Every structure is written in structure tokens, then in C-alpha cells.
Amino acid sequence: MGKKVIMSILFEKTKIKNMELKNRLVRSATHEAMADDNGFPTDKLFKLYERLSKGGVGLIITGYTFVSRDGKFTAMLGLDTDEHIKKYKKLTDHVHQYDTKLVVQLNHCGRQTTKEITGIQPIAPSIVKDKSLFSTPREMTEDDIERIIDAFSQAARRAKESGFDAIQLHGAHGFLINQFLCPYTNRRRDKWGGSINNRMRFVTEIYERVRKIVGDNFPILIKINAFDNMKKGLKLQESIVMAEQMAEMGFDGIEISCGIGEDGGATLR
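If you're wondering where the values come from, they're calculated on a predicted model, not measured in any experiment.

Enquirer: Talk me through the nonpolar core; I want residue IDs and the actual numbers.
Expert: Within the largest apolar cluster, 50 residues are counted, with the highest numbers of intra-cluster contacts made by Leu-106, Ile-167, Leu-169, Phe-202, Val-203 and Met-246. At eight residues, the largest contribution of residues to this core is made by helix 5 (residues 142-161). Not counting residues within four places of it along the chain, the set of residues in contact with Leu-169 comprises Leu-106, Phe-152, Ile-177, Val-203, Ile-206, Leu-221, Ile-222, Lys-223 and Phe-251.

Enquirer: An account of the packing of aromatic side chains is requested, with residue identities and associated values reported.
Expert: All chains considered together, the criterion is met by four aromatic pairs. Seen in terms of ring centroids, Tyr-64 and Phe-175 are 5.3 Å apart; in terms of plane orientation they differ by 65 degrees. Their pairing is edge-to-face. Pair noted here: Tyr-64 is in strand 4 (residues 59-66) and Phe-175 is in the loop between strand 9 (166-171) and helix 6 (176-181), with a separation of 111 residues, a long-range link. Measuring from centroid to centroid gives 4.1 Å for Phe-180 and Phe-202, while their planes differ by 15 degrees, and the two rings are stacked. In this pair, Phe-180 sits in helix 6 while Phe-202 sits in helix 7 (residues 196-214), placing the two residues 22 residues apart along the sequence.

Enquirer: Could you give an account of the side chain of Thr-118, naming the residues involved and the relevant values?
Expert: The residue Thr-118 is located in helix 4 (residues 115-118) in this model. Excluding residues within four positions of it along the chain, Thr-118 makes contact with Arg-69, Asp-70, Lys-72 and Thr-113.

Enquirer: For the pattern of salt bridges, give the residues involved together with the corresponding values.
Expert: Under the counting rule described, the total for this entry stands at 18 salt bridges. If you follow the salt bridges from partner to partner, you end up with Asp-70, Arg-138, Asp-144 and Arg-147 in one network.

Enquirer: Lay out helix 7 with the relevant residues and their values.
Expert: Over its 19 residues, helix 7 extends 27 Å from the first C-alpha to the last, a length consistent with the 27 Å expected when each residue adds 1.5 Å. At Phe-202, helix 7 is bent by approximately 40 degrees, the largest bend along its length. Within helix 7, burial applies to Asn-198, Arg-199, Met-200, Phe-202, Val-203, Thr-204, Ile-206, Tyr-207, Val-210, Arg-211 and Val-214. On its buried face, helix 7 is in contact with helix 5, strand 9, helix 6, strand 10 (220-225) and helix 8 (236-249). Among the residues trailing helix 7, Gly-215 stands out with phi positive, at a value near 90 degrees.

The rules we used
Residues numbered from 1 in each chain as written. Predicted model: local features only at pLDDT ≥ 70, side-chain atom pairs only at ≥ 80, totals over all residues. Heavy atoms only, no water. Core = buried A, V, L, I, M, F, W, Y, C linked by side-chain atoms within 4.5 Å. Buried < 20%, exposed > 50% of the residue type's maximum accessible area, 1.4 Å probe, protein only. Helix = DSSP H or I, 4+ residues; strand = E, 2+ residues; numbered from the N terminus. Contact = heavy atoms within 4.5 Å. Phe/Tyr/Trp six-rings, centres within 6.5 Å; stacked < 30°, edge-to-face > 60°. Salt bridge = Lys/Arg side-chain N within 4 Å of Asp/Glu carboxyl O. Expected span 1.5 Å × (residues − 1). Bend = angle between axes of the 7 residues up to and from the residue.

Okay, structure coming up:
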């Protein structure tokens with residue numbers, strides 16, 4: 001009886017803020033590697049999303065999408081210029097014809113990229129070497145932090161203009177937002193590090209800036225880690241407090257995951 005109830009709920013309509021979903025089947029973000037060197041979606045991505053939509057998925061969250069060129073990875077989607085809007089408008093229109101909603105996942109890789117990919121030394125809250133990519137970032141300055149906060153907000157603006165139904169901030173898996181939240185990668189002693197509130201400041205500033213740009217009715221989601229699977233990483237007790245603060249802040253949905261790039265593959269389990 002329980003299984004029948006669960007299955008019936010899966011196919012019921014629901015809403016996230018004013019985004020109406022035909023069912024509760026969600027394709028969570030994954031790195032499809034179906035973008036060109038400038039972050040534009042390829043025909044392969046159009047075909048993939050068409051198959052998902054025709055298959056009955058109610059909501060698709062895109063693969064991670066860079067908001068700034070210094071935060072990209074190989075074959076990663078991008079939304080860092082207004083030139084991207086026209087192409088993404090074609091993608092959202094293509095998905096919408098199947099009554100499926102499309103959310104773009106906005107991200108900056110932070111230290112989880114390399115100079116060979118971005119052309120410059122990776123940036124991060126603190127100088128902590130990434131042991132999986134053998135890449136050492138430089139510590140972000142106040143100007144860097146302000147620039148990236150603005151990059152997230154401008155990418156959110158482009159997302160709305162492109163016809164996306166919502167955005168999701170990638171605050172998990174060891175990428176830049178997660179790097180600020182995690183005590184292992186954030187060793188700052190200024191207002192951006194230390195206490196939970198200070199480590200939350202980066203994502204709080206991003207949310208507030210994005211909300212002003214997209215308005216009160218546009219859904220803003222976030223993906224965070226329950227834990228980082230690292231000895232000195234984010235623990236469950238802290239992530240619970242952070243999730244509660246994010247809900248109070250106004251995030252319309254929180255997706256929970258775990259792990260960072262160098263922890264041995266917890267994100268893949």
C-alpha cells in the first residue's frame with residue numbers, strides 16, 4: 001500500500017513558488033559535457049533534454065554553468081555574457097514545448113579547476129591545494145569576492161531573460177560557494193571566514209543580490225552538502241544550521257548532496 005501511495009504522489013502536480021510542475025520527477029544536475037569552448041549548449045544537449053522531457057520528467061536542472069571564465073571547467077556550460085541568451089532561449093523553448101520546466105544551475109569552480117583550463121591561477125577563499133587536480137589557488141581579494149557575487153547576479157538575470165523557470169546555486173561538491181561554507185577550504189580570519197555566519201556571508205550576499213535582480217516571484221534554489229566527507233570538512237551539525245538559515249533567507253528549495261572533489265568520490269556514490 002505504501003509503495004502505491006508514493007508512486008501516486010510522484011505523478012501529482014506540484015509547485016515551487018510560482019513554478020508549476022506537471023509531476024514530481026526531477027532530473028538533478030549532472031555534468032553532461034555537452035557545451036562548446038565558450039559555454040554554449042550543443043545540439044547533443046538539445047537532444048538529451050528532449051529525450052528526458054518526452055520521457056515524462058517534470059523538471060530538468062542543467063549541468064553546472066559557469067558565471068565567470070575563471071570558474072569554468074572542461075566542456076562546461078556558461079552564462080557569463082549576454083551573447084549566451086539567444087542560444088539558451090532556444091533551449092528553454094525546446095524543453096517547454098513538452099510541458100517540462102528547466103532550471104539552470106549556476107556555479108563557479110573556485111579551486112576545482114586548473115590554469116590550463118582557465119588561463120589563470122584558480123581562485124578560492126584560502127590557499128588550500130586541491131589534491132585531486134594538483135592545483136593551488138590564490139586567496140580571493142575583496143575585489144574578487146565582489147566581482148564573483150556580481151557575476152552570479154548577472155548570470156541570474158541572463159537566466160531569467162533566457163526563459164529559464166528558476167535558477168539553482170551550486171553550493172555543494174567542493175565548488176566555490178561550498179569552499180566558503182567549508183572550514184577545510186575557508187581558513188580566512190576576516191568577515192568571510194571563521195563562524196558559520198561569516199562562512200555563510202558569501203552565499204547570503206549572492207542570494208540578496210540575485211533576489212533584487214530577478215524579483216520576488218522567480219524561484220531561487222540551492223544545492224548544498226550535508227557533509228564534505230573530509231576530516232576537517234563541513235559536518236552535518238553545521239549544514240543543518242546553514243540549511244535553516246537559507247530557508248529563512250528565502251531560498252525556495254534546497255537539494256542535499258555530499259562530498260567534494262578530492263574526498264575519494266563521495267559525490268559519485
